[in-house]
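Coordinate inspection notes
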Amino acid sequence: MAIDVTPARVRATADLARLDLRDDEVGPFAGQLQKILDHIAALEALDVSAVAPTSHVLDLACPLREDAPAPGVLRDEAMAQAPRSEQGAFVVPQFVDE
Amino acid sequence: MTVRDPFAMTALDAVRAFRARERSAVEITRSALDRVARHDRAVGAFLRVDAEGALAAAATLDARLAAGDAMTDRPLAGAVVAVKDVLATRGLRTTCASRMLEHYVPPYDAWTVARLRDAGAVIVGKTNMDEFAMGSSTENSAFHPTRNPWDLTRTPGGSSGGSAAAVAARFAHAALGTDTGGSVRQPAALTGIVGLKPTYGRVSRYGLVAFASSLDVVSPFAQTVADAALLYESIAGPDAHDATSVDRPVERADLSRGASVLKGLRVGVPREYFGDGLDADVSAGLRRALDQMAAAGAELVELSMPHTSHAVATYYVLAPAEASSNLARFDGVRYGLRADGRDLRSLYGATRDRGFGPEVKRRILLGTFALSAGYFDAFYGRAQKVRTLIARDFTEAFAKVDVLATPTSPTVAFKLGERTADPLAMYLADVCTLPASLVGVPALSLPVGLGASGLPVGLQLIAPAFEEARLLTVAHGVEELLGRLSLPSLD
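Given the structure is predicted, the values throughout are model-derived calculations rather than measurements.

Considerations on the overall build of chain A
- Across its full length, chain A carries three helices and two strands.
- Seen along its three principal axes, the alpha-carbon backbone of chain A occupies a region of about 55 × 45 × 25 Å.
- The buried share of chain A, reckoned over its 98 residues, is 30%.
- Contacts in chain A between residues at least 24 apart in sequence constitute 29% of all its contacts with a sequence separation of at least 6.
- For chain A, the exposed surface amounts to about 6900 Å²; the carbon and sulfur share of it is 53%.
- Distance between charge centroids for chain A: 5 Å, based on 8 positive and 17 negative side chains.

What follows is the structure in structure tokens.
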């Protein structure tokens, strides 16, 4: 699949990732991503129609453990790293209209 | 044995000297701190030196020894270890070399850090790295680059370049790094030391800040294979905190056999790893090492692993895809940097713009694109299938041979700035280490000598999954056969 990495596509992808880009970053990223995606396009030469995907190298069953209480990180300790908190809650800008 | 400079010692030497009361842990730790103070301004291996914590831990060890503790359950007591700044250390800032986590102080220790402390290691500080472990030169650190102790105009490789440089400069006896696509093996090769990536799942990832969760492995650096085995055996094993950690016995390497282990050993030499892009130094160094192994009785088996050349493309879809998902947690709300915004969306966007450097942004963009609607099957889905083909290459190879031998890096250490302008060129140089990462098998880089350039050359040995004991036993044999490198003095 030939991809044309335009500045608009870079901006749209950045928006999906909730990542602001500065204007002077967009052009260089477009050129670099174009080169990288052109290299990745070589995978299209392989016939993988009969190949199962590998999402994980280990043949793992979902491990279960006893549902027993054990000490963990305390709330105050965890909250101490928050940029803004009040009364044991993380503070963010209002996101519901009144 | 009396050794004047504790940093001419290996970790095992230091442990023996401590137990024999020839050196106190405080003395050994002070000499590490002195060496760092003298030379790390030039090398830049550390982001943070924890003199107070290290000396306190050392004093505790000395007191225990004086009180009659034989230290039999503390196999690392006496050794000084550095830790990559991607592993959480309780009460000690852990930044991932990123502005995003510049002020982050973890409330807990990573599993591997706790195991080191339990084993009696003194943790001297946190080492520099490419931001969030994304890079192959340590130049993507938000704070400063690290320089190669062999030649200060060159990089130590990456992303665990600070840990590698710390061991090569003998600031620490050993170090922890993390290897996602070669981030321990490649810097080990470029700095002339040993780096072991264990099997995926052997070592808990609890407290490792995630980059690509299906690939990340906490991995030791050391001056010798015996020291690497000592660290590996201290950190391997199951941990209920990590659902991918495997509960299997951790077999110990047999270090009594020396080079005799090579007799009759079937060593696979895959021709795809010895292509056009190899430096003359690397190709000559590998040839010499393989010839000596053959002379010692190893049977060299030339073979083909036809999907090797697709590993770079496969990895640079899968790893960024996982990274773009993992790094979504850095949103300016619960911890880390926050840039204020009018609303939640602008807070997220501005925080991530200010917190992430260019390589991290590039990989988030690449990964987000590969996972986006309309492209998922063509990129991510296809890469997962090619991963299966690469795994088949290994299954077929290990049906014929005991271990594989390849270069670790196609080049010796490169100059600072040489590859920063071209991200794809930096990625392509990971070609020798990526396949073992994608397949999850254990792999080790071992110095085999210096090239004509005077820079170290690394041999990569690869074993089947969970065969670390075989890998270390063989590597120890090769090390005995070829002799150890003398590390640079820096004076």
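Some words on helix H15 (residues 468-482) of chain B
Residue and element names in this part refer to chain B.
- For H15, with 15 residues, the first-to-last C-alpha span of 21 Å sits near the 21 Å given by 1.5 Å per residue.
- Burial of H15 is extensive: 11 of the 15 residues sit out of reach of the surface.
- Every buried residue of H15 is accounted for by Glu468, Ala469, Leu471, Leu472, Thr473, Val474, Ala475, His476, Gly477, Val478 and Glu479.
- In this structure, the buried residues of H15 make contact with strand S5 (194-197), helix H7 (225-235), helix H8 (280-295), strand S9 (403-407), strand S10 (443-450) and strand S11 (456-462).
- Just downstream of H15 lies Gly483, where phi reads positive at about 85 degrees.

Remarks on empty space enclosed by the protein
- Tallied over the entire structure, the rule returns three cavities of 30 Å³ or more.
- One number sums up the size of the largest cavity: a volume of about 100 Å³.
- Residue lining of the largest cavity: 15 residues in total, with Gly135(B), Ser136(B), Gly181(B), Ser183(B) and Asp430(B) positioned closest to the centre.
- Taken together, the residues that form the lining of the largest cavity break down as four nonpolar, nine polar and two charged.
- As a volume, the second largest cavity reaches approximately 70 Å³.
- Together, Val5(A), Arg9(A), Val10(A), Thr13(A), Leu33(A), Leu37(A), Leu365(B), Leu366(B) and Phe369(B) line the second largest cavity.
- Mapped by element, the contributors of at least two residues to the lining of the second largest cavity are helix H1 (7-16) and helix H2 (23-40) of chain A together with helix H11 (358-371) of chain B.

Things to note about the layout of surface pockets
All names here are of chain B.
- Considering only enclosed or pocket space, the largest pocket measures out at about 250 Å³ in volume.
- For the largest pocket, the lining is made up of 13 residues, of which Glu272, Gly277, Pro410, Leu428 and Val431 are closest to its centre.
- Taken together, the residues that form the lining of the largest pocket break down as seven nonpolar, four polar and two charged.

Description of the pattern of salt bridges
Residue and element names in this part refer to chain B.
- Tallied over the full model, the rule gives 33 salt bridges over all chains.
- A salt bridge links Asp118 to Arg115, with the shortest nitrogen-to-oxygen separation between them at 2.5 Å. Here Asp118 pairs with Arg115, and both are found in helix H4 (residues 111-118), just three residues apart, close to one helical turn.
- The salt bridge involving Glu467 is made with Arg470; its shortest N-O contact spans 3.8 Å.
- Since its relative accessible area comes to 29%, Glu467 is described here as partly exposed.

Quick word on the interface of chain A and chain B
- Counting residues at the interface gives 49 residues for chain A and 69 residues for chain B.
- Carbon and sulfur atoms supply 69% of the area buried between chain A and chain B, which totals about 5300 Å² over both sides.
- Seen at the junction of chain A and chain B, the total is six salt bridges.
- Where chain A packs against chain B, one counts 19 residue pairs in polar contact (both at pLDDT 80 or more).
- Top contributing element to the side of chain A that touches chain B by residue count: H2(A), with nine residues.
- Each residue belonging to the side of chain A that touches chain B can be placed in one class, and the counts come to 32 nonpolar, seven polar and 10 charged.

Considerations on the sheet that holds S11(B)
Residue and element names in this part refer to chain B.
- Reading across from one edge, S1-S3-S2-S4-S6-S5-S10-S11-S9-S7-S8 is the order of the 11 strands in this open sheet, with mixed pairing throughout. At either end of the open sheet lies a strand with only one pairing partner, and these are strand S1 (46-49) and strand S8 (299-303). Averaged over all adjacent pairs, the angle separating strand axes in this sheet is 30 degrees, with direction ignored.
- The strands touched by H7 within the sheet are strand S4 (174-179), S5, strand S6 (217-222) and S10, with S6 carrying the most contacts at an inclination of about 150 degrees.
- Together, S5, S9, S10 and S11 form the strand contacts of H15, whose direction differs from that of S10 by roughly 5 degrees.

Quick word on the nonpolar core
- Among the nonpolar cores identified, the biggest contains 179 residues, and Leu116(B), Phe132(B) and Phe394(B) are the most heavily contacted of them.
- When residues of this core are assigned to their parent elements, the largest contribution, 10 residues, is made by helix H9 (residues 311-326) of chain B.
- Excluding residues within four positions of it along the chain, Phe132(B) makes contact with Cys96(B), Ser98(B), Met100(B), Leu101(B), Val209(B), Phe211(B), Leu327(B), Phe330(B), Phe356(B) and Val360(B).
- Formed by five residues, the second largest nonpolar core is a distinct cluster that contains Leu58(A), Val217(B), Val246(B) and Phe466(B).

Overview of the environment of Val225(B)
Residue and element names in this part refer to chain B.
- Examined against the element boundaries, Val225 turns out to sit in helix H7.
- Val225 sits in the buried class, given a relative accessible area of 0%.
- For the pair Val225 and Gly195, spaced 30 residues apart in sequence, the C-alpha to C-alpha distance is 8.5 Å.
- With residues up to four places along the chain from it excluded, the contact list for Val225 reads Val194, Leu446, Leu472, Ala475, His476 and Glu479.

Conventions adopted
- All chains use their own residue numbering, which begins from 1 and follows the written sequence.
- The naming scheme follows written order: chains are lettered A onward, ligands numbered 1 onward.
- Thresholds applied to this predicted model are a pLDDT of at least 70 for local features of residues and 80 or more for the giving and counting of side-chain atom pairs; totals over whole chains, interfaces and linings are not thresholded and use all residues.
- The side-chain figures draw on all heavy atoms in the structure; neither hydrogens nor water molecules are used.
- Only DSSP runs of H or I covering at least 4 residues are called helices, and only runs of E covering at least 2 are called strands; the numbering of each starts at the N terminus.
- The cut-offs for exposure are 20% and 50% of the maximum accessible area for each residue type, with area from a 1.4 Å probe on protein chains only; residues under the lower value are buried, those over the upper are exposed, and the others partly exposed.
- Any pair of residues with heavy atoms lying within 4.5 Å of one another is described as a contacting pair.
- Method for areas: the Shrake-Rupley scheme with a 1.4 Å probe, in which residue coverage is limited to the protein chains shown.
- Here Asp and Glu are counted as negative and Lys and Arg as positive; His is not counted, and neither are the chain ends.
- Taken as the charge centre is NZ of Lys, CZ of Arg, CG of Asp or CD of Glu, depending on the residue.
- To estimate the expected span of a helix, count its residues, drop one, and scale the result by 1.5 Å.
- A cavity here means a set of 1 Å grid points, computed over protein atoms only, where a 1.4 Å probe fits but cannot escape. A pocket is an open set with protein on both sides within 12 Å along at least 5 of 7 lines, and lining residues have an atom within 4 Å of a point.
- Grid points are joined across faces, edges and corners, and a volume is the space filled by probe spheres set on the points.
- Any residue outside Ala, Val, Leu, Ile, Met, Phe, Trp, Tyr, Cys, Pro, Asp, Glu, Lys and Arg is labelled polar, Gly included; the first ten of those are nonpolar and the last four are charged.
- In the sections that follow, a salt bridge refers to a side-chain nitrogen of Lys or Arg positioned within 4 Å of a carboxyl oxygen of Asp or Glu.
- Note on terms: buried area is the combined drop in 1.4 Å-probe accessible area of two parts once they are placed together, counting the loss on both.
- Under this definition, polar contacts are N or O atom pairs within 3.5 Å; protein pairs additionally need one hydrogen-donor-capable and one acceptor-capable atom, and for neighbouring residues in sequence, both atoms have to be side-chain atoms.
- The pairing criterion for strands is at least two bridges between them, as found by DSSP.
- Only the stretch in contact is used when fitting a helix axis, every axis being a line fitted to C-alpha atoms; angles between N-to-C directions are given from 0 to 180 degrees.
- Among the buried residues, those of types Ala, Val, Leu, Ile, Met, Phe, Trp, Tyr and Cys that are joined through side-chain atoms within 4.5 Å form a nonpolar core.

Nothing here speaks to function; it is all geometry.
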